[in-house]
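# Observations on chain architecture
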Amino acid sequence: MSPLNAGDKAPQFSLPDQDGESISLADYHGQRVLVYFYPKAMTPGCTVQACGLRDNMDDLKQFNVEVLGISTDKPEKLSRFAEKELLNFTLLSDENHEVAQAFGVWGEKQFMGKTYDGIHRISFLIDADGKIEHVFDKFKTSDHDQVVLDYLKSHS
């Protein structure tokens, strides 16, 4: 598994969102998009990460950044997650993990002694022209939003 790097062209994709509507990366051309991959909706770490983004959405919007969260959960589960946590951004369902593979974040993981394939928690900031501007792979779920905002503040 080797994630895409800054400077790479972001893979184009279309996925169903939490309402079953098809959303494409191309829909956001001309804006910056934070595409963040997370392992599983409704789990503690992913909830902390999502709520951090939710609570800082106004700040992110000031930098013209839209947020797309991607996991392998079905749209119905994403809908429950968004409602439960009052999320104010789009969640996308990558059930066949094709988009995760295209970005290079699908691969072997270890948890409690078990090895399995899954999504690695990595985020990509995509610029207005569809290129990867920055890759966030060093953060805790609790400070993800702050790491992203610190980057945006120093590169605005």
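Residues numbered from 1 in each chain as written. Predicted model: local features only at pLDDT ≥ 70, side-chain atom pairs only at ≥ 80, totals over all residues. Heavy atoms only, no water.

With an unreviewed UniProt entry as reference, the protein chain is termed thioredoxin-dependent peroxiredoxin, source organism Morganella psychrotolerans. Taken from UniProt, the Function (unreviewed entry) comment for the protein chain reads in full: "Thiol-specific peroxidase that catalyzes the reduction of hydrogen peroxide and organic hydroperoxides to water and alcohols, respectively. Plays a role in cell protection against oxidative stress by detoxifying peroxides and as sensor of hydrogen peroxide-mediated signaling events." As stated in UniProt under Catalytic activity (unreviewed entry), the record for the protein chain gives "a hydroperoxide + [thioredoxin]-dithiol = an alcohol + [thioredoxin]-disulfide + H2O". (UniProt positions renumbered as here; feature names shortened; annotations may be inferred.)

### Considering the overall build of the protein chain
In terms of helices and strands, the protein chain carries five helices and nine strands. Secondary structure elements of the protein chain, listed N to C terminal, follow the sequence β-β-β-α-α-β-α-β-α-β-β-β-β-α. Here the C-alpha atoms of the protein chain give a radius of gyration of 14 Å, agreeing with the 15 Å that 2.2 N^0.38 yields for 156 residues. Considering only C-alpha atoms, the protein chain reaches an extent of 40 × 35 × 30 Å along its principal axes. When each of the 156 residues of the protein chain is scored for burial, the buried share is 50%. When contacts within the protein chain are restricted to residue pairs at least 6 apart in sequence, long-range pairs at least 24 apart make up 64% of them. A total of about 7800 Å² of accessible surface is found on the protein chain, and carbon and sulfur atoms cover 47% of it. Charged side chains in the protein chain number 16 positive and 25 negative. The centres of these two groups are separated by 6 Å. (Helix = DSSP H or I, 4+ residues; strand = E, 2+ residues; numbered from the N terminus. Rg over C-alpha atoms; globule rule 2.2 N^0.38 Å. Buried < 20%, exposed > 50% of the residue type's maximum accessible area, 1.4 Å probe, protein only. Contact = heavy atoms within 4.5 Å. Areas by Shrake-Rupley, 256 points an atom, 1.4 Å probe, with all protein chains shown as cover. Lys, Arg positive; Asp, Glu negative; His and termini not counted. Charge placed at Lys NZ, Arg CZ, Asp CG, Glu CD.)

### Concerning the environment of Gln62
Locating Gln62 in the fold gives a position in helix H2 (residues 57–62). Judged by relative accessible area, which is 65%, Gln62 ranks as exposed. Remark: the alpha-carbon pair of Gln62 and Val147, spanning 85 residues in sequence, is separated by 16 Å.

### Notes on helix H1 (residues 44–55)
With 12 residues, H1 ought to run about 16 Å at 1.5 Å a step, and its terminal C-alpha atoms sit 16 Å apart, in line with that. Burial in H1 covers these residues: Cys46, Thr47, Gln49, Ala50, Cys51, Gly52 and Leu53. On its buried face, H1 sits against strand S3 (32–37), H2, strand S4 (65–71), helix H3 (75–84), strand S8 (123–126) and helix H5 (144–154). (Expected span 1.5 Å × (residues − 1).)

### Description of the pairing of S4
Taken across its seven residues, S4 has seven buried, putting it largely inside the fold. Alternating positions in S4 separate into two faces, Val65, Val67, Gly69 and Ser71 on one and Glu66, Leu68 and Ile70 on the other, with burial throughout. Looking at chain direction, S3 and S4 are connected through six bridges and run parallel. Bridged to Leu34 within S4 is Val67. As defined by bridge partners, S4 adjoins strand S5 (residues 90–93) across four bridges and the pair is classed as parallel. (Pairing = 2+ DSSP bridges.)

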